[in-house]
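Analysis of the macromolecular model
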Amino acid sequence: MNRNHSSIPLINHNFIEELSLHFEREHKLPPLASKIYSILILSKSETLTFEEIIDFTGASKSSVSNQLNFLIEEGRVNFIFKEDKRKRYFKTKCNYLKKTLELNLEKTEREIEMLSKVIQYKKDEKLNQKHVTLFKDHLESEKKNILDTLKNVEHTSHN
């Protein structure tokens, strides 16, 4: 496994591992997909070839191919063709941070929906309303903040 590509310096290896673990834990990405995504984010080069990704990860062609397809379907990665129309160059989508916000928004909305159902279900029982209200207020505030940030991201991406 040759990790001396100028686009992926050896000194970033520990940070790539740390970021990979973050994506595994927080975004529930498979380990190899997390590593590929991290490499693409941290690479000095805007794009990496399939061969460079295989070389860095040490994974099989089929495993890398499957995980790249997964990341493409997830909306996190895309590819372009350069001079050589047969070679694909992979990169993170410009809006990968926006995608993270959208995923957090979906999670927050599911939490609010489930909490509302619990409140409705337990309406006839003694429920610690103060705690429930604090939690629901927090979730609503988080939702509003995410929506505001997404609106700002949209606004700045059009400028």
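This text goes with the structure placed above it.
Parameters and conventions
- Each chain has its residues counted from 1, running along the sequence as written.
- Per-residue local features are limited, in this predicted model, to residues with pLDDT of at least 70; the limit for side-chain atom pairs, both in listing and counting, is 80 or more; totals at the level of whole chains, interfaces and linings are taken over all residues.
- As a rule here, side-chain values cover all heavy atoms of the structure and leave hydrogens and water aside.
- Starting at the N terminus, helices and strands are each numbered in turn, a helix being any DSSP run of H or I of at least four residues and a strand any DSSP run of E of at least two.
- Radius of gyration means the value over C-alpha atoms here, while the globule rule gives 2.2 Å times the residue count to the 0.38 power.
- Summary of the burial criterion: residues with accessible area below 20% of their type's maximum are buried, those above 50% are exposed, and those between are partly exposed, where the area comes from a 1.4 Å probe applied to protein chains only.
- Only heavy atoms matter for contacts: two residues are in contact if any of them lie within 4.5 Å across the pair.
- Residues grouped as a nonpolar core are buried Ala, Val, Leu, Ile, Met, Phe, Trp, Tyr and Cys residues, joined through side-chain atoms within 4.5 Å.
- Whether two strands pair depends on DSSP finding at least two bridges between them.
- Axis definition: a line fitted to C-alpha atoms, over the contacting stretch in the case of helices. Angles run 0 to 180 degrees between N-to-C directions.
- Between 65 and 115 degrees an angle is taken as roughly perpendicular, under 35 as roughly parallel, over 145 as roughly antiparallel, and anywhere else as oblique.
- Gly counts as polar in this scheme, as do all residues outside two lists: the nonpolar Ala, Val, Leu, Ile, Met, Phe, Trp, Tyr, Cys and Pro, and the charged Asp, Glu, Lys and Arg.
- Take a side-chain nitrogen of Lys or Arg and a carboxyl oxygen of Asp or Glu: if they are within 4 Å of each other, that pair is a salt bridge.

Overview of the overall build of the protein
Across its full length, the protein carries six helices and three strands. Helices (α) and strands (β) of the protein occur, in sequence order from the N terminus, as α-α-β-α-α-β-β-α-α. Since a compact globule built from 159 residues should have a radius of gyration of about 15 Å, the 20 Å found for the protein marks it as more spread out than a globular shape. Judged by the C-alpha coordinates and their principal axes, the protein covers about 65 × 35 × 30 Å. Counting only residues that meet the buried cut, the protein has 34% of its 159 residues in that class. Once local pairs closer than 6 in sequence are excluded, the contacts in the protein between residues at least 24 apart make up 57%.

A few points about the nonpolar core
Grouped together as the largest cluster of nonpolar side chains are 21 residues, with contacts concentrated most on I36, L40, I53, V64, L68, L71 and F90. A total of seven residues in this core trace back to one element, the largest contributor, which is helix 2 (residues 31-42). If we ignore the near neighbours within four places in the chain, the residues touching L71 are L29, A33, I36, Y37, R76 and V77.

Some details on the side chain of S20
Looking at the element boundaries, S20 is found in helix 1 (residues 13-27). Owing to a relative accessible area of 3%, S20 belongs among the buried residues under this scheme. Ignoring anything within four residues of it in the chain, the contact list for S20 reads S34, K35 and S38.

Some thoughts on the pairing of strand 3 (residues 88-92)
If a strand is regular, its side chains alternate between the two faces of the sheet. Of all five residues in strand 3, four are buried; the element is thus mostly enclosed. As paired elements, strand 1 (residues 48-49) and strand 3 share two bridges and run antiparallel to each other. Bridge pairing in strand 3 places L48 opposite F90. Across five bridges, the pairing between strand 2 (residues 77-81) and strand 3 is antiparallel.

What to know about the packing of helix 2 against helix 4 (residues 61-73)
Where helix 2 contacts helix 4, the two axes come as close as 9 Å, and the packing angle between them is 75°. Judged by the angle between their axes, helix 2 and helix 4 are roughly perpendicular. Here helix 2 contributes L32, A33, I36 and Y37 to the contact with helix 4, which in turn contributes S63, V64, Q67, L68, F70 and L71. Split into classes, the residues belonging to the contact of helix 2 with helix 4 amount to eight nonpolar, two polar and no charged.

Some words on the pattern of salt bridges
The tally for this structure, following the rule as stated, stands at eight salt bridges. We note a salt bridge from E154 to K98, for which the minimum N-O separation is 2.4 Å. In this pair, E154 sits in helix 6 (residues 129-157) while K98 sits in helix 5 (residues 96-121), placing the two residues 56 residues apart along the sequence. Residue E154 is classed as partly exposed on the basis of its relative accessible area of 31%. E109 is the partner of K143 in a salt bridge, and the nearest nitrogen-oxygen pair spans 3.8 Å. Remark: E109 occurs in helix 5 and K143 occurs in helix 6; sequence separation between them is 34 residues. Owing to a relative accessible area of 32%, E109 belongs among the partly exposed residues under this scheme. Ionic contacts of the salt-bridge type, sharing partners, join the residues K98, E102 and E154 into one network.

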